[in-house]
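One letter stands for each residue in the lines below.
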Amino acid sequence: MRFAFRQIKRFAVHSTMERTLYSQHFDIPEERIGLRLWSIGVPDVSPDYPLQEGRYVSSIGGNGRDYVTLLAACRRLPEIPFVLVVRPENLAGLDVPPNVRMVVNAPSPRR
């Protein structure tokens, strides 16, 4: 792919993480990789289905997340509750502190 990618004048990706990753992995100068930030609309959230009562910090999703760093921060803030909506493989092999509640494969009304 490195050979084929030399023929392409401009790439476009949706995150700075992807730009850095592709630049390093395929030896493409970052200035050839344009950044087109992508987002989705604000999701419908229902107060009828709280993930947890009270105030808490939440992280939802599984792509491009650094759960090692997040869990390290959770350990340093034991007085703050965290709720993580994750795929099971996101936290495989990681030590989850007691102030973290994991919600796996939450049904759509609860997201």
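Thresholds applied
Residues numbered from 1 in each chain as written. Predicted model: local features only at pLDDT ≥ 70, side-chain atom pairs only at ≥ 80, totals over all residues. Heavy atoms only, no water. Helix = DSSP H or I, 4+ residues; strand = E, 2+ residues; numbered from the N terminus. Contact = heavy atoms within 4.5 Å. Areas by Shrake-Rupley, 256 points an atom, 1.4 Å probe, with all protein chains shown as cover. Core = buried A, V, L, I, M, F, W, Y, C linked by side-chain atoms within 4.5 Å. Buried < 20%, exposed > 50% of the residue type's maximum accessible area, 1.4 Å probe, protein only. Polar contact = N/O pair within 3.5 Å; in protein donor to acceptor, adjacent residues only side chain to side chain. Salt bridge = Lys/Arg side-chain N within 4 Å of Asp/Glu carboxyl O.

Caption draft 1: Spatial organisation of the overall build of the protein chain. Broken down by element type, the protein chain carries 3 helices and 5 strands. Listed by position from the N terminus, the elements making up the protein chain come as α-β-α-β-β-α-β-β. Contacts in the protein chain between residues at least 24 apart in sequence constitute 37% of all its contacts with a sequence separation of at least 6. Carbon together with sulfur atoms contributes 55% to the accessible area of the protein chain, which is approximately 8400 Å² in total.

Caption draft 2: Structural detail: the nonpolar core. Counting residues in hydrophobic clusters, the biggest one holds 8 residues: Tyr67, Leu71, Cys74, Phe82, Leu84, Val86, Leu91 and Val100. Broken down by secondary-structure element, the contributors of at least two residues to this core are helix H3 (67-76) and strand S4 (82-86). The residues contacting Cys74, other than those within four sequence positions of it, are Phe82, Pro97, Asn99 and Val100. Formed by 6 residues, the second largest nonpolar core is a distinct cluster that contains Val13, Phe26, Ile28 and Ile33.

Caption draft 3: Structural view of the side chain of Ser59. Structurally, the position occupied by Ser59 is in strand S3 (residues 57-60). Setting aside residues no more than four positions away along its own chain, Ser59 makes contact with Tyr67, Leu70, Val83, Leu84 and Val85.

Caption draft 4: Up close: the environment of Trp38. For Trp38, the location among the structural elements is in the loop between strand S2 (33-35) and S3. Look at Trp38 and you get exposed, because its relative accessible area is 60%. Expressed as a C-alpha distance, the spacing of Trp38 and His14, which sit 24 residues apart in the sequence, is 5.4 Å.

Caption draft 5: Seen up close, the side chain of Asn90. Assignment of secondary structure puts Asn90 in the loop between S4 and strand S5 (100-104). A polar side-chain atom of Asn90 sits 2.8 Å from the main-chain amide nitrogen of Arg87. Contacts of Asn90, omitting those with residues within four sequence positions, involve Gly61, Gly62 and Tyr67.

Caption draft 6: Examining the pattern of salt bridges more closely. Taken as a whole and assessed by the stated rule, the structure comprises 1 salt bridge. Between Glu30 and Arg19 there is a salt bridge, with the nearest N and O atoms lying 3.7 Å from each other. With Glu30 in the loop between helix H2 (16-26) and S2 and Arg19 in helix H2, this pair connects stretches of sequence that are 11 residues apart.

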